[in-house]
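Chain by chain, the residues run as shown.
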Amino acid sequence: MLLRIPQVLTKEQVSHCRERLASADWIDGRVTAGLGSAKVKKNTQLPEDSAVAVELGDLILTALESNAIFVSAALPSRVFPPLFNRYEVGDGFGAHVDNAIRQGLDAEARIRTDLSCTLFLSAPDEYDGGELTVDDTYGSHSVKLPAGDMVLYPSTSLHAVTPVTRGARIASFFWLQSMVRDDGQRTLLFDFDRSIQALNADHAGHAAIVPLTGIYHNLLRRWAEL
Ligand SMILES: O=C(O)CCC(=O)C(=O)O
Ligand SMILES: [Fe+2]
């Protein structure tokens, strides 16, 4: 499932991130690329251990912890510390699939990448190009979102960032291991949860809500790995 999550960060939080990122030290983005994707990657990133990346990464993770759509869709088990990238004119990232396993700086911080996330920190009118394209069985989807919005897509997907032709595209990107590794099962649980929420909003106290919630949890119990 490819999911857009609006307003993960407020306008004020986006401005704060942009200010902190403007004075940070950026390095060649190939540091986090696998051998194959390094050949098609051209951008800059903050080093993983940069104080600014750690501070802003915490801000993003805190916002996500209380984001009901994110929690329901991702069912996060372990989240890789958010990274930050910048694509200037001529930069882009050709088609690739993300590495299956990500090793963080901490020896124990190793995750299986089930979901990939991009949180846009530049507004769409600040740059041309720079679309994130994600392929699935229904074709190729082009994603360019308002600053503060995030897209979530299965890490199994072939994806790319088209070359930037004007301005600069700044984003945070990261991966997570989900309690439910299978995208089909996770998508069913998300649709189920959203439907129960919608029923509850329109018909609070409806007799079907308790059994439906029970079925949701019993499916989660079947499929979750902690
Ligand atoms: O910048 C993006 O939106 C995606 C970055 C990406 O695909 C990666 O770093 O693997
Ligand atoms: Fe990627």
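Rules behind the numbers
Residues numbered from 1 in each chain as written. Chains lettered and ligands numbered in written order. Predicted model: local features only at pLDDT ≥ 70, side-chain atom pairs only at ≥ 80, totals over all residues. Heavy atoms only, no water. Helix = DSSP H or I, 4+ residues; strand = E, 2+ residues; numbered from the N terminus. Rg over C-alpha atoms; globule rule 2.2 N^0.38 Å. Buried < 20%, exposed > 50% of the residue type's maximum accessible area, 1.4 Å probe, protein only. Contact = heavy atoms within 4.5 Å. Areas by Shrake-Rupley, 256 points an atom, 1.4 Å probe, with all protein chains shown as cover. Lys, Arg positive; Asp, Glu negative; His and termini not counted. Charge placed at Lys NZ, Arg CZ, Asp CG, Glu CD. Domains from an automatic or database assignment. Buried area = accessible area lost by both parts, 1.4 Å probe. Salt bridge = Lys/Arg side-chain N within 4 Å of Asp/Glu carboxyl O. Polar contact = N/O pair within 3.5 Å; in protein donor to acceptor, adjacent residues only side chain to side chain. Near = heavy atom within 4 Å. Nonpolar A, V, L, I, M, F, W, Y, C, P; charged D, E, K, R; others polar. UniProt positions renumbered as here; feature names shortened; annotations may be inferred.

Secondary structure assignment for the protein chain yields six helices and 17 strands. Its C-alpha atoms give the protein chain a radius of gyration of 18 Å, near enough to 17 Å, the size a compact globule of 226 residues would have. Expressed along its principal axes, the backbone C-alpha trace of the protein chain runs to roughly 55 × 35 × 35 Å. Of all 226 residues assigned to the protein chain, the portion counted as buried reaches 45%. Residue pairs at least 24 apart in sequence account for 77% of intrachain contacts in the protein chain once pairs closer than 6 positions are excluded. Taken as a whole, the protein chain presents about 11300 Å² of accessible surface, with 56% of it coming from carbon and sulfur. When the 21 positive and 28 negative side-chain charges of the protein chain are each reduced to one mean point, those points stand 4 Å apart.

Under the domain assignment used here, the protein chain contains domain 1 (3-178) and domain 2 (183-223). The gap between the C-alpha centroids of domain 1 and domain 2 is 30 Å. Taking both sides of the interface into account, the surface hidden between domain 1 and domain 2 amounts to around 700 Å²; carbon and sulfur atoms contribute 62%. The interface formed by domain 1 and domain 2 includes zero salt bridges. Linking domain 1 with domain 2 are two residue pairs in polar contact (both at pLDDT 80 or more), by the criterion used here. Looking at the side of domain 1 that touches domain 2, the element that brings in the most residues is helix H4 (residues 68-74), giving five residues.

Lining the immediate surroundings of ligand 1 are Asn85, Tyr87, Phe93, His96, Asp98, Thr118, Leu132, His159, Val161, Arg169 and Phe173. Between ligand 1 and Tyr87, the relevant distance is 3.0 Å, taken from an oxygen atom to a side-chain nitrogen or oxygen of the residue. His96 has a polar side-chain atom sitting 3.2 Å from an oxygen atom of ligand 1. When isolated, ligand 1 has an accessible area of 300 Å², and the protein chains bury 97% of it. Among the elements of the structure, strand S6 (83-87), strand S7 (92-96), strand S15 (159-161) and strand S17 (169-178) are those that each provide at least two residues to the shell around ligand 1. When grouped by side-chain class, the residues that make up the shell around ligand 1 number five nonpolar, four polar and two charged.

On to the UniProt feature "binding site: Fe cation" (unreviewed entry) in the protein chain, then. In the UniProt entry, the feature "binding site: Fe cation" (unreviewed entry) is given for His96, Asp98 and His159. A stretch of 64 residues holds the annotated residues, and the largest C-alpha distance among them is 8.6 Å, short enough that they meet in one place. Examined against the element boundaries, His96 turns out to sit in strand S7. The class of His96 is buried, set by a relative accessible area of 8%. Contact partners of His96, with chain neighbours within four places excluded, come to Ser37, Ser157, Leu158 and His159. Here the side chain of His96 touches Gly94 through a polar contact of 2.9 Å, landing on its backbone oxygen. For Asp98, the location among the structural elements is in the loop between S7 and strand S8 (101-103). Residue classification places Asp98 among the buried positions, given a relative accessible area of 12%.

So, about the pattern of salt bridges. What the rule picks out here adds up to ten salt bridges. Arg18 is the salt-bridge partner of Glu126, the closest N and O atoms lying 2.9 Å from each other. Within this pair, whereas Glu126 is found in the loop between strand S10 (115-120) and strand S11 (127-129), its partner Arg18 is found in helix H1 (residues 11-22), the two being separated by 108 residues in sequence. By relative accessible area, Arg18 is classed as partly exposed at 25%. A salt bridge links Arg86 to Glu88; its shortest N-O distance comes to 3.4 Å. According to the relative accessible area criterion, Glu88 is partly exposed, its value standing at 36%. Taken together, the shared-partner salt bridges connect Arg112, Asp114 and Glu225 into one network.

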